[in-house]
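In case you want the letters, here they are:
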Amino acid sequence: MAQFVDWDLAAATAGALSKSGPAVSYDDAMTVVTELRNLTDEAAGHVAAYTGLSSQVEVPPVRVVDRKDWAAVNIEGLKQVIIPLVTRLSGDKQPGGLADAIGSRVTGVQAGTILAYLSGRVLGQYEVFSGNPGQLLLNAPNIVEVERKLGADPRDFRLWVCLHEVTHRTQFTAVPWMRGYFLGEVQAFVDASQSTEHILERMRRGVATLSDALRDPESRSSVLDIVQTPAQKAVLDRLTALMTLLEGHAEFVMDGVGPDVIPSVESIRAKFNRRRETGNPLEKAVRRLLGIEVKMRQYAEGRKFVHGVVERVGMDGFNKIFDSPLTLPRLDELGDPDAWVTRVHGSQPAIGG
């Protein structure tokens, strides 16, 4: 089988480059882990009551991780996607000698560098690649570091984060087709390439672009350089619409539940938004090239769309969005809730309808 990434080297690189977390005693660390697990359970009840959605499958317990563990879990998830993909694209050919060996090691270092960077910033994640139905991860060092920088009440901030991440878990476990649809769109993006002969090299260039962004803030490269065909652009539009919806829904839920259960939620939201909007030039360049700037816009645009729909048709009416892939919002509907309501509901029913 053709080798695309030296996964062992990627893991070693991520582990070596991951920064240590904030200074905490062993007892304090254990307290944080225990509280995050308990708050995840509490958040699940709040999310179910607020959204009317509940998991349809058995949900694995939350996994509280440090930065190195987060990177390792994501490497395992990527392996589940990329190894079968490379096998199919290469026709299960054997590695091509020294060139392939060197290429896989270079890509391994680049992938590890990216994951090390992200491991110091991600607060939580619902990881869907490595198994069905997926697993909720909470990155404890980052949560503690951010709550300290914001001067936030620790319990309030931790519950606020849990509300967001549990909403993502609910999206994938309360909607039976969601995980398969998402993975299918990722596969469709690859299938839409005009030529499988060069897709692996384009994927390598995409990884290299992200890695280079960490060293060169003046780079004008873009992850969209790997988009090759109109068919891939169409898939990317669908994925962008989906991720904007999911992020906006999580933001809407965490802010909707927050005032009733988190006394300092308004202060946390204001400080957190300021943190998102600031950063030195290198940080901003890296965020843009890694797609984090796009993700920030998704939070705002998606939350506005969800609010607009709920305002028009209530939460039950909004939940029709999860009936099937056909009821998901199209990219152009994200800025026009009325268009989605008209297409899916046929009119604007009374609130709660």
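Within any chain, residue numbers begin from 1 and follow the written order of that chain's sequence. This being a predicted model, a pLDDT of at least 70 is required before a residue's local features are given, and a value of 80 or more before pairs of side-chain atoms are given or counted; all residues contribute to the totals for chains, interfaces and linings. The side-chain figures draw on all heavy atoms in the structure; neither hydrogens nor water molecules are used.

As annotated in an unreviewed UniProt entry, the protein chain is Zinc-dependent metalloprotease from Paractinoplanes ovalisporus.

1. Some words on the overall build of the protein chain
The secondary structure listing takes helices from DSSP runs of H or I that are at least 4 residues long and strands from runs of E that are at least 2 residues long, numbered from the N terminus. In terms of helices and strands, the protein chain carries 13 helices and three strands. For every residue, the accessible area (1.4 Å probe, protein chains only) is compared with the maximum for its type, and the residue is labelled buried under 20%, exposed over 50%, or partly exposed between those bounds. Burial statistics for the protein chain: of 353 residues in total, 48% are counted as buried. Contact definition: two residues touch when any of their heavy atoms are within 4.5 Å. Look at the contacts in the protein chain between residues 6 or more apart in sequence, and 81% of them connect residues 24 or more apart. Of the roughly 16,400 Å² of accessible surface on the protein chain, a fraction of 54% belongs to carbon and sulfur atoms. A 1.4 Å probe and the Shrake-Rupley method give the accessible areas. Residues count as covered only by the protein chains that appear here.

2. Brief notes about helix α5 (residues 140-150)
Of all eleven residues in α5, eight are buried; the element is thus mostly enclosed. Among the residues making up α5, those that are buried are A140, P141, N142, I143, V144, V146, E147 and L150. Positive backbone phi, at 65 degrees, marks G151, one or two positions downstream of α5.

3. Side note on the nonpolar core
To define a nonpolar core, start from buried Ala, Val, Leu, Ile, Met, Phe, Trp, Tyr and Cys residues and group those joined through side-chain atoms within 4.5 Å. Ranked by internal contacts, the top residues of the largest apolar core, which has 63 residues, are F157 and F318. With ten residues, the top contributor of residues to this core is helix α9 (residues 230-261). A10, A71, V86 and V122 belong to the second largest nonpolar core, which has 18 residues in total.

4. Side note on the pattern of salt bridges
When a carboxyl oxygen of Asp or Glu lies within 4 Å of a side-chain nitrogen of Lys or Arg, that pair is called a salt bridge. Applying the stated criterion to the full structure yields 14 salt bridges. For R155, the salt bridge goes to E42, with nearest N and O atoms at 2.7 Å. On the criterion of sequence distance, the pair formed by R155 in helix α6 (residues 154-174) and E42 in helix α2 (residues 26-51) is long-range, its members being 113 residues apart. Note on R155: relative accessible area 35%, which makes it partly exposed. Between R303 and E251 there is a salt bridge; the shortest N-O distance is 2.7 Å.

5. Regarding the packing of α5 against α6
Angular values range over 0 to 180 degrees, each being the angle between N-to-C directions of two axes fitted as lines to C-alpha atoms, with helices fitted over their stretch in contact. Taken N-terminus to C-terminus, the directions of α5 and α6 make an angle of 125 degrees; their axes are 10 Å apart at the nearest point. What the angle tells us is that α5 and α6 run oblique. Crossing angle aside, the handedness with which α5 passes α6 is right-handed. Contacts between α5 and α6 involve I143, V144, V146, E147 and L150 from the first element and P154, F157, R158 and V161 from the second. Put simply, angles under 35 degrees are roughly parallel, angles over 145 are roughly antiparallel, angles from 65 to 115 are roughly perpendicular, and the rest are oblique. The hand of a helix crossing depends on one turn: near helix anticlockwise from the far one by less than a right angle means left-handed, and clockwise means right-handed.

6. Observations regarding the packing of aromatic side chains
Pairing of aromatic side chains here covers Phe, Tyr and the six-membered ring of Trp, requires ring centres within 6.5 Å, and sorts the geometry by plane angle: under 30 degrees stacked, over 60 edge-to-face, intermediate tilted. Under the definition given, this model contains ten aromatic pairs. Here F157 and W160 contribute two aromatic rings whose centre-to-centre distance is 6.1 Å and whose plane-to-plane angle is 40 degrees, an arrangement assigned as tilted. In this pair, F157 and W160 are both assigned in helix α6, three residues apart and thus about one turn of the helix distant. For the pair F157 and W160, a shared accessibility class is recorded, and that class is buried. Relative to F272, the ring of F157 lies with its centre 6.3 Å away and its plane at 50 degrees, an arrangement referred to as tilted. Of the two residues, F157 is situated in helix α6 and F272 in helix α10 (residues 265-277); the sequence distance between them amounts to 115 residues. You can call F157 buried: its relative accessible area is 0%. Accessibility expressed as a relative area gives 8% for F272, which makes it buried. Taken together, the ring pairs connect Y126, F129, F172 and F182 into an aromatic cluster. Residue placement shows R121 over the ring face of Y117; its charged tip is 3.9 Å from the ring centre. Any Lys NZ or Arg CZ that is within 6 Å of a ring centre and within 35 degrees of that ring's normal is treated as a charge sitting over the ring.

7. Some points on the environment of N139
With respect to the secondary-structure elements, N139 resides in strand β3 (residues 135-139). Once the C-alpha coordinates of N139 and V64 are considered, the two residues, 75 residues apart in sequence, prove to be 6.1 Å apart. Excluding residues that lie within four positions of it along the chain, N139 makes contacts with V65, D66, R67, W70, S119, V122 and L123. A 3.5 Å cut-off defines polar contacts: any pair of N or O atoms within that distance qualifies, except that in protein one atom must be a possible hydrogen donor and the other a possible acceptor, and neighbouring residues in sequence count only when both atoms are side-chain atoms. A distance of 3.0 Å separates the side chain of N139 from the backbone oxygen of S119, its partner in a polar contact. Within polar-contact distance, the side chain of N139 engages the backbone oxygen of V122 at 3.4 Å.

8. Things to note about the sheet that holds strand β2 (residues 124-127)
Pairing is mixed in the open sheet, where three strands are placed in the order β1-β3-β2. Each edge of the sheet is formed by a strand with only one pairing partner; in this case those strands are β1 (63-65) and β2. Between one strand axis and the next, the sheet turns by 25 degrees as a mean value, whatever way the strands run. As paired elements, β1 and β3 share three bridges and run parallel to each other. Its bridge partner lying in β3, V64 is registered against L138. Sheet contacts for α5: β1 and β3; angle to β3, the most-contacted strand, approximately 45 degrees. By this definition, two strands are paired if DSSP reports at least two bridges between them.

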